[in-house]
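Here's the letter readout for the chains.
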Amino acid sequence: MALEADGAVVMRWSAHPRCVALARLELHKALLGWGLAPLEDSAVLVLSELLTNAGRHARVTPGAEIETWFHPVPGGVRIEVHDASCARPELRMTDLDAEGGRGLALVAALADHWGVDDRAGGPGKLVWAELSVGS
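Below you will find a few notes about this structure. (Residues numbered from 1 in each chain as written. Predicted model: local features only at pLDDT ≥ 70, side-chain atom pairs only at ≥ 80, totals over all residues. Heavy atoms only, no water.)

**Describing helix H2 (residues 40-57)**
In this model, H2 (18 residues) spans 25 Å end to end at C-alpha, consistent with the 26 Å of a helix rising 1.5 Å per residue. Among the residues making up H2, those that are buried are Ala43, Val44, Val46, Leu47, Ser48, Leu50, Leu51 and Ala54. Contacts from the buried residues of H2 go to helix H1 (18-33), strand E3 (66-73), strand E4 (76-83), helix H3 (103-110) and strand E6 (125-132). (Helix = DSSP H or I, 4+ residues; strand = E, 2+ residues; numbered from the N terminus. Expected span 1.5 Å × (residues − 1). Buried < 20%, exposed > 50% of the residue type's maximum accessible area, 1.4 Å probe, protein only. Contact = heavy atoms within 4.5 Å.)

Following this line, the structure appears as structure tokens:
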């Protein structure tokens, strides 16, 4: 774990599904430390969706692991998932009986804002979501 100057928690992960639970635990600890426990249920669900998508679709090699960044922001938290894939996720409408494809719709419903940006310093992208207390 790395702690950035702005208080952000930065971690690297493999694409293994067990990493999602480990990342949720780290987010839980960060939220408690920042006094943002009321956001936990929504925040860990958002993180789970973003990290699961990255694990399924990103290229993960040594030096190009998936990273999570948790930033405290005024009244809330910004969750970022960085990966080396340039393929951008798209919000799509799915059939009610579809087995998948609802992750970003869930993120959009829970987050105040979300988006996709180019990854600084390397190939790939970062998918982010911001959640605030009282939203």
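**Considerations on the pattern of salt bridges**
Side-chain pairs of opposite charge can arise whenever the charged atoms involved come near each other. Under the criterion given, the structure shown has seven salt bridges. A salt bridge links arginine 78 to glutamate 80; its shortest N-O distance comes to 2.6 Å. Glutamate 80 shares its class with arginine 78; the two are buried. What you see here is one network of salt bridges that share partners, running through Arg12, Glu67 and Arg119. (Salt bridge = Lys/Arg side-chain N within 4 Å of Asp/Glu carboxyl O.)

**Regarding the side chain of arginine 78**
When you line up the elements, arginine 78 lands in strand E4. Reaching out from arginine 78, the side chain makes a polar contact with the side chain of glutamate 130 at a distance of 3.0 Å. When neighbours within four sequence positions are excluded, arginine 78 is seen to be in contact with Trp69, Phe70, His71, Val73, Asp117, Leu126, Trp128, Ala129 and Glu130. (Polar contact = N/O pair within 3.5 Å; in protein donor to acceptor, adjacent residues only side chain to side chain.)

**What about the packing of H2 against H3?**
Two quantities define a packed helix pair, namely the angle between the axes and the distance from one axis to the other. At a minimum axis distance of 9 Å, the contact between H2 and H3 shows a crossing angle of 150 degrees. Here H2 is positioned roughly antiparallel relative to H3, judged by the angle of their axes. Judged by the twist between their axes, the crossing of H2 over H3 is left-handed. In contact with Ser42, Leu45, Val46, Glu49, Leu50 and Asn53 of H2, H3 contributes Gly103, Leu104, Leu106, Val107 and Leu110. Grouping the constituent residues of the contact of H2 with H3 by class yields seven nonpolar, three polar and one charged. (Axes fitted to C-alpha atoms, helices over the stretch in contact; angles between N-to-C directions. Parallel < 35°, antiparallel > 145°, perpendicular 65-115°, else oblique. Left-handed = near helix turned anticlockwise from the far one by under 90°. Nonpolar A, V, L, I, M, F, W, Y, C, P; charged D, E, K, R; others polar.)

**Focus: the nonpolar core**
Core analysis: the largest hydrophobic core is formed by 30 residues, its most contacted members being Leu27, Leu47, Leu50 and Ile79. Secondary structure elements with two or more residues in this core: strand E2 (9-13), H1, H2, E3, E4, H3 and E6. In terms of residues, this core owes the most to one element, H2, which gives seven residues. Leaving out residues up to four positions away in the same chain, leucine 27 has contacts with Ala43, Val44, Leu47, Phe70 and Ile79. (Core = buried A, V, L, I, M, F, W, Y, C linked by side-chain atoms within 4.5 Å.)

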